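Read off the chains here:
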Amino acid sequence: MAIDTFIDIAKFIFDFTIFFVIGPGIIILLIYRLLLRGALRRFFLYEDNNSFFHRLDPRVKIFWTFTVTLLASILDDLLTLLALFIWVVIMWGTAKPNRDKLATVTVLLLPIPLNSIFYQGIRYGYDWWSQTFIYDVTPIYEMHPALDYILGGHILTIEGMYYGAFQSLRILVAAGSGLLLATSTAPNALLLGLTNFIKRRSFRIGVPYVISFAVVIGIRLIPTMFEDANIIINAAKVRGLSIKVPRSRNPSELLKALRNAIKVFRHMTVPLILSSLRRGSNISIAADLRAFRAKPNRTYLIESRLSVVDWIYLLITIAVFIFGWYLAYIGFAATPGIIL
Amino acid sequence: MVKGGVSVSRPVLEIEDLWYKYPYTDKWVLKGINLRVEKGEFIVLTGRSGCGKSTLALTICGYIPHVIEKGVLKGRVTVDGVDTRSKPLHQLTQMVGVVLQNPEDQLFALTVEQDVAFGPENLAMPKDEVRRRVDQAMKDAGVYEIRDRPIFSLSGGQKQRTAIAGILAMEPSIIIFDEPTSDLDPQGAYSVLNVISDIQRRRDVTVILIEHRLDEVSKYADRIILMEDGEILIDDEPHKAYRELDKFLDRGVRPPQVSEAAYKYGGDTRIPITLDEGVEFFQDRVNGLKPPSIETEESITRGDVVIEARDVWHTYPNGVTALKGVDLEISEGEMVALIGKNGSGKSTLSQMMVGLLKPTRGIVKIYGHDVRTTPMEEIIRYVGYVFQNPDHQLFTNTVLDELSFGPRNLGIDEDEVGRRVEEALKILGLEEFRERHPQSLSRGQRRRLAVATILTMEPKILILDEPTTGQDWGHSVKLMEIARRLNRERGVTILFITHDMRIVAEYADRVILLHEGEKVFDGSPREIFSSRWIYQYNILPPYISQLSQRLFGEENTVLSVEEFLNIIQRVGVRE
C-alpha cells in the first residue's frame, strides 16, 4: 500500500514536471533567450534582401497572405492544408532568411503545433465530466489522473494528437505567411500597399491615409519611447530606486521588491506620458505646417506598378483562391460550419 | 535684396502692432511687435528662452490663430501682401515654412524621399510637380545621396537636413528656423547652418533664424533682432547691433566673442563680427607688438585618484563596441570636460562611472570600489549623475518631494534630508518654488531642479550630461557657475559632457577627448585649443582662442574674452 502510494505520488510528480514544468519551461526559455539576444527585436526590423519574395509587389504579397490564410481556415482536408503549408515554407525559402531569422521564426511558431498536439492529444473526444471518450481512440500514454484537474484530460491519444497536428497546420499557415509578409516587406511599402491597394487616378480602395499615417508615426516613435523609458529608469536608478530582482527568498524582501517595482512603474509613467505628450504636440504642429489633411485626395509620389512576375504570381494566387473556394463550395473539403 | 537702404517694394513680411495672449492666460507674450522684412533677407532672431521668439514664429506662419484659436491676437501679420488670418493654413504653408528644433518631431515617413514628399503630396500636386520639387529640395538640402535611407538610420544632422528639405519642397517665400541646431552635435550643427546659408543664397528665400549661438550665425545675418519679454529691443545690421552689446549680455544672450572683445576694448562705430574682421580690427592696433607670454594657470594640486579606469572596453548586446581600451584617472576636486562627437563613447564611459553600465573588459573604480562588483546603491553614494533632459528625471508632485526622493532612498534620516533639501533649494535658487509641481516650472528651472535632486544626495563626484544643450547662454552660465562653486568651495569632483567649446574653455581644468571609443587627448583646455590637429576631429576652438592665435600665434592661445583683453592691455596698443 505504502509502495503504491509512493509510486502514485512519484508518477504525479514525474508527469507534472514533464508536462507542466519542463515542456512549457523549454519553450519559455527559448523565447527568453531570443529576447535576451535581441533577436526578437531584430526579427521585425526590415532587412533589405534582394530575394524573389522581397521583390514581389506588397499588394501581391498582401493578397497571397490573405488567400492562404483564408483557404487554411475554410478547407478541412489534410492534404490541402499540407499543400498550403508547403507553399508557405517554399516562400520562406525564397525569402532567403538568415540563420537568426530562421531560428526566431521556428521558436515563435513551434509552440503552436506542440501546444495543439498536446492539448488536443488529451482532450480530443474526452468528456471531462464523465471522464470517458466519446470517440474511439487509441491511448498511448496515461498520465496521473490528478492532472485531469489541471490539464482538462490526462490520456494522450493518437487520434487526438493527429487532430491537433491537423488543426495547428491552419494556424501555422496563417502565422507563417503573416510573419513572412511582415518581415520581408519594408514597412513603408507595406503601408503604401495597404493604403493604395487598388488605385487608378483618383479612384482608390485601401486603408484611409490618416490611419496609415498614424501607424507610420507609431512605428517611428516606438524605438524613441523605449529609449525614453530606458533613460527614465536609469534616472530613477541613480537616485537610489532599486529595481533589481532580489536573490533572497525571504518573503519580506520579495514584497519590498514588488513594492519597489510598483514605485518605479508609477514614477516612470509621469515623465513618459509627459514627454510623449510634448512630442505629440510638436508632431501635430509640424504636420499641420506641412499641409497634413489639406486635400481629400492626396498625391502619392511612389505608386508601384506590377511587374510581369508580380502579375504571374498574382494570377497563380487568384487561381488557387478560386479553386480552393470551389473545393469548399462543392463540399469536398469544407470546414464544418462554414457557410458559403 | 535690400541692405541698409530704404525699400520701396512690397515687403515679404509685415507685422503691425502685434499683440498676443495664449488661451486661458493673462500675460501678453507679444507686445506691440512691428517688423518689416524684405524678400531675400536673412534675419537672426534672438533673445532669452521665453521672450516670445517661438510665439512670433507661430504667428508668422499662421499656426496662431488658425490652430491655436482661442488666444487673443491684436494687430496684423501680412505675408506677401496677404493677411494671415484671411487664408487657410494649408495655403499659408506654401508661403511660410517652419523648421523646428527637434528633427525627430517633424519627420513623418520612413524614408528620406518619402518624407520630403509629404507636404506636396498633401497638397495633391500633380505627380511630376511633386517629383521635381522633391528632387530639387533634396539636392539643396544635401540629402539627395541618402534619399532611400530609412529615417531611423540617419544622424541628427542628416535628419534635420531632411526636415529642411521637407519644408523646401513646399517652396515657401519665408523659412523660419526655430533653433534648428540646438539638439545637434557640432558637426551636425555646422552642416545644417551651411545648408541654411546656401539655400538662402541659391533660392533667394527670406530666412528667419531663431538662434542663441550668435558666434556661428552673425556672419550670415542682414539683420539681428533681439527680443525681450515680447518686445523688440534691437533690430539692426549686425555690425551696428553689437554697438549695444551690453543689451545682449544683460538678456542672457551670447554675442560673438570677437564682437564682445572689440566692444569691451572700446567699441568702434563698426563692431567686427567674424574672425577675419576681428583680426583686421585688432591687427592695426597691435601690429608688430609682441605679446607677453601668457601666464598659464598654476596647475591645480590634485587630490587622491577618485575615478580610475584601466583598459576599459564596452560592447553593447547589439555588437557595437563603444569603448576600446580607455585608461583614465580623475582626482578629487578636478573639473573635467568630456568631449567628442556623438557616438564617440562619452555617455558609455560616464554611465559606467555611476554603475549603470559595466565594462565588458577592464576595470572602473570609484573611490576604490570596482563598479563590476559593487552594488549600484553603494556607488551612487559617491557619484551623482544628471541626465541631459530634465523631463526624464522628474517624477514626483512637488519640488520638495523631488528633492527628498534621492536621500530618502539612501536611507538618510528625515532631519538630515530636510537640511539637505533646504541647502539645495538655496544653492540653485529654487526656494520660492518648493511647493510647486516640477512640471509647472520653466525648462531652465527644471534643469536646475534636476541638478538639485542629485545634490541632495551629496555626491562627491557630479557627472553632468550635456548640461547646457538647448539652453540659452544665461541659463548655461548660471548652471556652470553652480557647478564651479560646488567644485571650488566644496571640493566636488565635476565631470561634464559637452559639445560647447566655449563652456569647455571657460569652465574646465582638464579636457578628455574621445574618438570612436578611444581616448585621443587628455590635457588642459589651453593645450587642446592651441593644437592644430583638433580640426581633424571636427572640433573648433572658441572664436576668441582663434582670434588670439591669428594675432599672436598658437603659443598665445587665450580661453576667454577677459583673458584676451588682458593680453591686449599688456601688449600696449598702438593708437
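Residues numbered from 1 in each chain as written. Chains lettered and ligands numbered in written order. Predicted model: local features only at pLDDT ≥ 70, side-chain atom pairs only at ≥ 80, totals over all residues.

Caption draft 1: Broad picture of the overall build of chain A. Across its full length, chain A holds 13 helices and six strands. Taken against the 2.2 N^0.38 rule, which gives 20 Å for 340 residues, the C-alpha radius of gyration of chain A at 26 Å runs more than 25% over that of a compact globule. Taken along the three principal axes of its C-alpha coordinates, chain A extends 85 × 70 × 35 Å. For chain A, with 340 residues in total, the buried portion stands at 26%. Taking all contacts inside chain A whose residues are at least 6 apart in sequence as the whole, residues at least 24 apart take part in 73%. (Helix = DSSP H or I, 4+ residues; strand = E, 2+ residues; numbered from the N terminus. Rg over C-alpha atoms; globule rule 2.2 N^0.38 Å. Buried ≥ 20, exposed ≤ 12 C-beta atoms within 10 Å, placed from the backbone. Contact = placed C-beta atoms within 7 Å.)

Caption draft 2: View of the overall build of chain B. Check the secondary structure of chain B and you find 22 helices and 20 strands. Structurally, chain B occupies a C-alpha span of about 70 × 60 × 50 Å along its principal axes. Out of the 575 residues belonging to chain B, those deemed buried represent 51%.

Caption draft 3: Fine view of the interface of chain B and chain A. The interface of chain B with chain A comprises 53 residues on the first partner and 46 residues on the second. Broken down by secondary-structure element, the contributors of at least two residues to the side of chain B that touches chain A are α3 (89-92), α4 (112-122), α5 (127-140), α14 (376-379) and α15 (399-409) of chain B. With six residues, α4 of chain B is the largest single contributor of residues to the side of chain B that touches chain A. Each residue belonging to the side of chain B that touches chain A can be placed in one class, and the counts come to 30 nonpolar, 16 polar and seven charged. (Nonpolar A, V, L, I, M, F, W, Y, C, P; charged D, E, K, R; others polar.)

Caption draft 4: Here's a closer look at the confidence of the model for chain B. The predicted model of chain B averages 91 in pLDDT, with 95% of residues at 70 or higher. Reported confidences for the modelled complex are a pTM of 0.83 and an ipTM of 0.86. (pLDDT = per-residue confidence, 0-100.)

Caption draft 5: Quick look at the sheet that holds strand β1 (residues 13-21) of chain B. All names here are of chain B. Reading across from one edge, β2-β1-β4-β5 is the order of the four strands in this open sheet, with antiparallel pairing throughout. Two strands bound the open sheet, and with one partner strand each, they are β2 (28-37) and β5 (82-83). Looking at chain direction, strand β4 (residues 72-79) and β5 are connected through two bridges and run antiparallel. By the bridge assignment for β5, T78 is matched with D83. (Pairing = 2+ DSSP bridges.)

Caption draft 6: Spatial organisation of the sheet that holds strand β8 (residues 206-210) of chain B. Residues and elements named next belong to chain B. Strand order in the open sheet made by the six strands is β6-β7-β8-β3-β9-β10, with mixed pairing throughout. Edge positions in the open sheet fall to β6 (96-99) and β10 (231-236), since each of these has one partner strand only. Taken over all neighbouring pairs, the strand axes of this sheet differ in orientation by 20° on average, direction set aside. When strand β3 (residues 42-46) meets strand β9 (residues 223-228), the two strands line up parallel, connected through four bridges. Bridging across to β9, V44 finds its partner in I224. Across the face of the sheet, helix α1 (residues 53-60) comes into contact with β3, β6, β7 (174-178), β8 and β9 while running at roughly 155° to β7. (Axes fitted to C-alpha atoms, helices over the stretch in contact; angles between N-to-C directions.)

Caption draft 7: Representation of the environment of V511 of chain B in the model. Residues and elements named next belong to chain B. On the secondary structure map, V511 appears in strand β19 (residues 510-515). Sequence spacing of V511 and L338 is 173 residues, and the spatial spacing of their C-alpha atoms is 6.0 Å. Among residues more than four places away in sequence, those in contact with V511 are A337, I339, V504, F521, G523, P525 and I528.

Caption draft 8: Up close: helix α21 (residues 543-552) of chain B. All names here are of chain B. A large share of α21 lies buried, amounting to eight of its ten residues. Contact partners of the buried residues in α21: α8 (214-217), α11 (257-266), α12 (275-286), α19 (501-507), α20 (525-529) and α22 (561-571). A positive backbone phi angle near 90° is found at G553, which sits one or two residues after α21.

Caption draft 9: Fine view of α5 of chain B. Residue and element names in this part refer to chain B. Compared with an ideal rise of 1.5 Å per residue, which puts 14 residues at 20 Å, α5 spans 20 Å between its outermost C-alpha atoms and is within 8% of the ideal. Those residues of α5 hidden inside the fold are in contact with α4 and α6 (156-168). Two residues or fewer after α5 comes G142, characterised by a positive phi angle close to 70°. (Expected span 1.5 Å × (residues − 1).)

Caption draft 10: Quick peek at the nonpolar core. Counting 187 residues, the largest nonpolar core has I43, C61, I174, I176, L209, V383 and I463 of chain B as its most contacted members. In contact with V383 of chain B, other than residues within four places in its own chain, are M353, V354, I366, P459, I461 and I463 of chain B. Counting 21 residues, the second-largest nonpolar core is a separate cluster that includes V60, L84, M91 and A328 of chain A. (Core = buried A, V, L, I, M, F, W, Y, C linked by C-beta atoms within 7 Å.)

Caption draft 11: Structural detail: the pairing of β2 of chain B. Residue and element names in this part refer to chain B. Note that β1 and β2 share seven bridges and pair antiparallel. Directly across from E14, in β2, lies its bridge partner R36. Hairpin remark: β1 followed by β2, antiparallel, with six residues in the connecting loop; positive phi at Y24, about 60°.

Caption draft 12: Summary view of the pairing of β6 of chain B. Residues and elements named next belong to chain B. Burial along β6 is two-sided: the residues V96 and V98 and G97 and V99 are all buried. For β6 and β7, the ladder comprises four bridges, and the chain directions are parallel. Within β7, the position partnered with G97 by the bridge is I175.

Caption draft 13: Quick peek at the packing of α4 of chain B against α6 of chain B. Residues and elements named next belong to chain B. The N-to-C vectors of α4 and α6 enclose an angle of 35°; their axes lie 7 Å apart at closest approach. Note that α4 runs across α6; the crossing there is right-handed. In this structure, α4 contributes V112, D115, V116, F118 and G119 to the contact, and α6 contributes T162, A165 and G166. Here the contact of α4 with α6 is built from residues that sort into four nonpolar, three polar and one charged. (Left-handed = near helix turned anticlockwise from the far one by under 90°.)

Caption draft 14: Summary view of unusual backbone geometry. For the peptide bond that leads from I64 of chain B to P65 of chain B, omega is 5°, which places it in the cis range. In the Ramachandran plot, R293 of chain A falls in the positive-phi region, its phi being about 60° despite a non-glycine side chain.

Caption draft 15: Structural detail: the environment of S73 of chain A. Residues and elements named next belong to chain A. Within the secondary structure layout, S73 lies in helix α4 (residues 58-74). Using a count of 15 C-beta atoms within 10 Å as the deciding quantity, one classes S73 as partly exposed. Taking the C-alpha atoms as reference points, S73 and L169, 96 residues apart in sequence, are found 9.7 Å from one another.

Caption draft 16: Geometry of the packing of α11 of chain B against α21 of chain B. Residues and elements named next belong to chain B. Closest axis-to-axis distance for the α11/α21 pair is 8 Å, and the angle between their directions is 65°. Classed by the angle they form, the pair α11 and α21 counts as roughly perpendicular. Residues Q257, V258 and A261 of α11 touch α21, and the partners they reach there are Y543, I544 and L547. Grouping the constituent residues of the contact of α11 with α21 by class yields five nonpolar, one polar and no charged. (Parallel < 35°, antiparallel > 145°, perpendicular 65-115°, else oblique.)

Caption draft 17: Focus on the environment of N409 of chain B. Looking at the secondary structure, you find N409 of chain B in helix α15. Residue N409 of chain B is classed as partly exposed on the basis of its C-beta count, with 19 C-beta atoms lying within 10 Å. Note: C-alpha distance between N409 of chain B and M457 of chain B (48 residues apart in sequence) is 9.4 Å. If we ignore the near neighbours within four places in the chain, the residues touching N409 of chain B are R239, G240 and L241 of chain A.

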